[in-house]
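# Understanding the architecture of this molecule
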Amino acid sequence: KQWYQRRVAITAGENPFKETGFILEGFPRTPQEATFMTDTGLFPDACIILEVEDEQAGDRQLPGKLQKWKNKMAKKLARRQRHMERRRIKKEKERKKKIQEKFGELK
């Protein structure tokens, strides 16, 4: 069975979906999916078709996605800076230890 056959058939027969209904966004997309719906008796009460220009959709979606990306990059940069600082401190300690060992031998 296709994923939609398992998911839609299970969901359609269960509450709260059975009583209140549900939205199938982008479904059906293929003739096979439409055939499945008619064969199983899943007939929509209403269909809504939204048409939006690609540019408008991008303008609506991009700000949120861009902010999410910026936040992710800021966290990544902060982690990298902490890591680099720890490495710098570790190398500094190693350098000081080598200097102490070297000058300790000269005494």
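Note that the coordinates shown come from a computational prediction; the quantities given were computed from them, not determined experimentally. (Residues numbered from 1 in each chain as written. Predicted model: local features only at pLDDT ≥ 70, side-chain atom pairs only at ≥ 80, totals over all residues. Heavy atoms only, no water.)

### Remarks on the overall build of the chain
On a plain count of helices and strands, the chain comes out with four helices and zero strands. Going from the N terminus to the C terminus, the chain shows its helices and strands as α-α-α-α. Split into buried and exposed, the 107 residues of the chain put 8% on the buried side. Accessible surface, the chain as shown: approximately 10,500 Å² in total, 54% of it carbon and sulfur. (Helix = DSSP H or I, 4+ residues; strand = E, 2+ residues; numbered from the N terminus. Buried < 20%, exposed > 50% of the residue type's maximum accessible area, 1.4 Å probe, protein only. Areas by Shrake-Rupley, 256 points an atom, 1.4 Å probe, with all protein chains shown as cover.)

### Considering the confidence of the model for the chain
Residues of the chain with pLDDT of at least 70 account for 81%, and the chain-wide mean is 81. Predicted confidence in the chain is weakest over helix α1 (residues 3–12), with a mean pLDDT of 59, and strongest over helix α4 (residues 54–106), with 89. (pLDDT = per-residue confidence, 0-100.)

### Side note on the pattern of salt bridges
The final tally for this structure, using the stated rule, is two salt bridges. Ionic pairing is found between R88 and E85, a salt bridge with its closest N-O pair at 2.6 Å. Of this pair, R88 and E85 both sit in helix α4, three residues apart, which is roughly one turn of that helix. Owing to a relative accessible area of 46%, R88 belongs among the partly exposed residues under this scheme. For E92, the salt bridge identified is with R95, shortest N-O distance 2.6 Å. Highlighted residues: E92 and R95, both in helix α4, separated by three residues, approximately one helical turn. (Salt bridge = Lys/Arg side-chain N within 4 Å of Asp/Glu carboxyl O.)

### Considerations on a nonpolar patch on the surface
Taken together, the side chains of I48, L50 and V52 make up a nonpolar region of the molecular surface, amounting to roughly 350 Å² of accessible area. By secondary structure assignment, the location of L50 is in the loop between α3 (31–39) and α4. (Patch = residues over 30% accessible without salt bridge, like charges linked within 9 Å, V, L, I, M, F, W, Y side chains within 5 Å.)

### Things to note about α3
Given 3.6 residues to a turn, an α-helix orients residues that are three or four positions apart in the same direction. Within α3, burial applies to E33, F36 and M37. Looking straight down α3, one finds that the buried residues subtend no more than 100° of arc, so they occupy a single side. Of the residues in α3, the exposed ones pointing more than 90 degrees away from the buried face are P31, Q32 and D39. (Arc of directions from axis to C-beta.)

### Details of a positive patch on the surface
Residues K65, K68, K72, K75, K76, R79, R80, R82, R86, R87, K90 and K91 make up a contiguous surface patch of positive charge. For K68, the location among the structural elements is in helix α4. (Lys, Arg positive; Asp, Glu negative; His and termini not counted. Charge placed at Lys NZ, Arg CZ, Asp CG, Glu CD.)

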